[in-house]
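# Fold and geometry: a report
The primary structure of each chain is shown beneath.
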Amino acid sequence: MTEIRTPRLLLRRWHDDDLAPMAEINADPRVMHWIDDGSVHDLDRTAEEIERWEEEWDDEGFGLFAVELLASGELVGFTGLYVPGFLPEAASEVAISWRLGSQFWGQGYASEAAQATLEFALQDRNLDRVISIDRLDNQASANVIRKLGMAPERETTHPVYGYPLRVHAIDLTEYQA
Ligand SMILES: CC(C)(COP(=O)(O)OP(=O)(O)OC[C@H]1O[C@@H](n2cnc3c(N)ncnc32)[C@H](O)[C@@H]1OP(=O)(O)O)[C@@H](O)C(=O)NCCC(=O)NCCS
């Protein structure tokens, strides 16, 4: 069982109880504006997503962690690693991603979980490079990326939705947590 504790968070695999709170996050237009076509996801789609994320853990040995608040046990959202198959030019890379409920924004949780995820990538999975792929106008995400020390590498275009994306990368052999 893969679990990581940070000062305030537990990063872990997904449980059945995560469906309702993750569906709430996926139903929030402020969160989902930044993802794919910007539409919200309903309960069934969230259940499919969680199932896929768990399969990715089994197939790849890494994945998106459910992120829980240690103090209350509430699900904050996810942070973790994925293979960015949606972008053919990056399909052989490993990317980091995050999605938190809006009530949990602005408290440093995304950065805390992302830092632990990079340490996991390096120490547990021996990955020497992780990228991130974000909409060019996603300032909140860009802040997390900057604080992690990821460097901008190139701009590209979403192959399906056509909006501009920026690819950042970090060489984990030089990563200082
Ligand atoms: C992207 C996203 C995860 C960022 O979340 P966030 O809460 O803004 O990010 P952070 O965890 O870095 O917290 C940010 C702020 O918390 C504040 N903060 C409060 N308490 C803090 C603490 N104890 N420690 C650190 N920061 C703290 C800081 O001021 C920080 O802002 P700053 O870096 O400008 O000073 C969030 O906006 C989100 O879920 N967006 C929708 C989904 C999305 O866009 N995903 C990415 C694209 S797929």
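### Comments concerning the packing of aromatic side chains
Inspection of the entire model under this criterion finds seven aromatic pairs. Here the aromatic rings of Trp53 and Phe78 are separated by 5.0 Å at their centres, their planes lie at 65°, and the arrangement is edge-to-face. Of this pair, Trp53 sits in helix α3 (residues 43-60) while Phe78 sits in strand β4 (residues 75-82), placing them 25 residues apart in sequence. Note on accessibility: Trp53 and Phe78 belong to one class, buried. Taken together, the ring pairs in this structure connect Trp14, Trp53 and Phe78 into an aromatic cluster. Sitting over the face of the ring of Tyr163, Arg135 holds its NZ or CZ atom 4.4 Å from the ring centroid.

### Let's talk about the pattern of salt bridges
If you walk through the whole model with that rule in mind, you get 12 salt bridges. Between Arg8 and Glu112 there is a salt bridge; the shortest N-O distance is 2.8 Å. Here Arg8, found in the loop between β1 (4-5) and β2 (9-12), pairs with Glu112, found in helix α4 (residues 109-123); they are 104 residues apart in sequence, far enough to count as distant.

### Quick look at the packing of helix α1 (residues 19-26) against α3
How two helices pack is summed up by the angle between their axes together with the distance between the axes. Contact geometry of α1 with α3 gives a least axis separation of 9 Å together with a crossing angle of 115°. Comparing their axes, α3 and α1 come out roughly perpendicular. Crossing of α1 against α3: the hand is right-handed. Here α1 contributes Leu19, Met22, Ala23 and Asn26 to the contact with α3, which in turn contributes Leu43, Thr46, Ala47, Glu49, Ile50 and Trp53. Residues that form the contact of α1 with α3 fall into these classes: seven nonpolar, two polar and one charged.

So, how was this worked out
- Residues numbered from 1 in each chain as written.
- Predicted model: local features only at pLDDT ≥ 70, side-chain atom pairs only at ≥ 80, totals over all residues.
- Heavy atoms only, no water.
- Phe/Tyr/Trp six-rings, centres within 6.5 Å; stacked < 30°, edge-to-face > 60°.
- Helix = DSSP H or I, 4+ residues; strand = E, 2+ residues; numbered from the N terminus.
- Buried < 20%, exposed > 50% of the residue type's maximum accessible area, 1.4 Å probe, protein only.
- Lys NZ or Arg CZ within 6 Å of the ring centre and 35° of its normal.
- Salt bridge = Lys/Arg side-chain N within 4 Å of Asp/Glu carboxyl O.
- Axes fitted to C-alpha atoms, helices over the stretch in contact; angles between N-to-C directions.
- Parallel < 35°, antiparallel > 145°, perpendicular 65-115°, else oblique.
- Left-handed = near helix turned anticlockwise from the far one by under 90°.
- Contact = heavy atoms within 4.5 Å.
- Nonpolar A, V, L, I, M, F, W, Y, C, P; charged D, E, K, R; others polar.

By themselves these figures say nothing about function.
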